[in-house]
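Structural overview for review
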Amino acid sequence: PFVQIDNSLNRDYQGTGLGLTLVKRIVDRHGGKVEVSSEVGVGSCFTVDLPCTNTILFYPKLESQSEANIEYSQLQKQTPPLILLAEDNEANITTVSSYLKAKGYRIILAKNGDEAIAQAESQNPDLILMDISMPNKNGLEAMEEIRQTPHLVNVPIIALTALAMTGDRERCLAAGANDYLSKPVKLKQLTSMIQKLLATKDKENS
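In what follows, the accompanying structure is described. (Residues numbered from 1 in each chain as written. Predicted model: local features only at pLDDT ≥ 70, side-chain atom pairs only at ≥ 80, totals over all residues. Heavy atoms only, no water.)

Let's shift gears to helix α3 (residues 113-123). Of the positions making up α3, those classed as buried are G113, A116, I117 and A120. Seen end-on, α3 carries its buried residues on one side only, within an arc spanning 100°. Against the buried residues of α3 lie β3 (82-86), β4 (106-110), β5 (127-131) and α4 (139-146). Backbone nitrogen of D114 and a side-chain oxygen of the N-cap are separated by 3.1 Å at the start of α3; the cap is N112. At the C-terminal side of α3, N124 shows a positive phi close to 50°. (Buried < 20%, exposed > 50% of the residue type's maximum accessible area, 1.4 Å probe, protein only. Helix = DSSP H or I, 4+ residues; strand = E, 2+ residues; numbered from the N terminus. Arc of directions from axis to C-beta. Contact = heavy atoms within 4.5 Å. Polar contact = N/O pair within 3.5 Å; in protein donor to acceptor, adjacent residues only side chain to side chain.)

Let us look at the nonpolar core. Formed by 23 residues in total, the largest nonpolar core has its most connected members in I128, M130, M143, I146 and A159. When residues of this core are traced back to their parent elements, those giving at least two are β3, β4, α3, β5, α4, β6 (157-161) and α5 (168-175). Of all hydrophobic cores here, the second largest spans 16 residues; its members include I83, L85, I158 and L190. (Core = buried A, V, L, I, M, F, W, Y, C linked by side-chain atoms within 4.5 Å.)

Moving on, we come to the packing of helix α2 (residues 90-102) against helix α6 (residues 187-205). Relative orientation of the contacting elements α2 and α6 amounts to 55°, with a least axis distance of 11 Å. Compared by their axis directions, α2 and α6 come out oblique. The two elements α2 and α6 cross, and the hand of that crossing is right-handed. Residues T95, V96, Y99 and L100 of α2 lie in contact with α6, whose contacting residues are L187, K188, L190, T191 and I194. The residue inventory of the contact of α2 with α6, partitioned by class, reads 6 nonpolar, 2 polar and 1 charged. (Axes fitted to C-alpha atoms, helices over the stretch in contact; angles between N-to-C directions. Parallel < 35°, antiparallel > 145°, perpendicular 65-115°, else oblique. Left-handed = near helix turned anticlockwise from the far one by under 90°. Nonpolar A, V, L, I, M, F, W, Y, C, P; charged D, E, K, R; others polar.)

Among the 5 residues in β5, 5 count as buried, and that is most of the element. Judged by which residues are buried, β5 turns out to be covered on both faces: L127, L129 and D131 on one side and I128 and M130 on the other are all buried. Pairing of β3 with β5 involves 4 bridges; the strand directions are parallel. Paired with I83 across the bridge in β5 is L127. Pairing analysis gives 4 bridges linking β5 to β6, with the strands arranged parallel. In the strand pairing of β6, L129 is matched with I158. (Pairing = 2+ DSSP bridges.)

Below, the discussion takes up unusual backbone geometry. In this structure, P184 follows K183 across a cis peptide bond, with omega equal to 0°. Considering the arrangement of structural elements, one finds P184 in the loop between β7 (179-182) and α6. The backbone of N136 sits at a positive phi, close to 65°, despite the residue not being glycine.

Spatially, 5 strands are ordered β4-β3-β5-β6-β7 in an open sheet, and the strand pairing comes out parallel. The open sheet has two free edges, formed respectively by β4 and β7, since each of these has just one partner strand. Pairs of neighbouring strands in the sheet enclose a mean axial angle of 20°, with direction left out of account. Where β6 lies against β7, 4 bridges are found, and the strand directions are parallel. Residue I158 lies in a different strand from β7, and its bridge partner there is D179. Each of β6 and β7 is contacted by α5, which is oriented at about 140° to β7, the strand it contacts most.

As structure tokens, then:
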């Protein structure tokens, strides 16, 4: 990585030398391979070969499922859970929303605290992901105001912060969050937390 044939500071070609290295590592982890055919003066052709496996989705009867094996009872419902993502960083919005959409959730966005409050009140989401550092009104203030709205009192809120300072978790919980994650967020951990909070909410409402 970080090495090219022409690696001088004033080299003619752009790039860091990471592209092919990253591609090869990703493909290797998926059990595939990368091949290249090249001709001087003509160009190079790279081929990525990935194995295809047939996946069978099996959902056992509800009465035979233990709580540990239920990803969330909303999967049995026709309408997927609606998640409000309050975040002003475009890269984080793209990453988190794309991942959660792929997991079957519906996503609505808010880019500051005021928008988060308005969206929460009008859309009544099943869960809120609240970034703490946002323009206009920060996440702590937004959560405190959301908790004052009667129909949003019990909506699960996960606080997200890049600051990771001592006492952050306590401040977030005091403002109304159910749980807390520091950035960069691990997407599998986030999904697990979402499923747990939604399952708990669904159980309380049943």
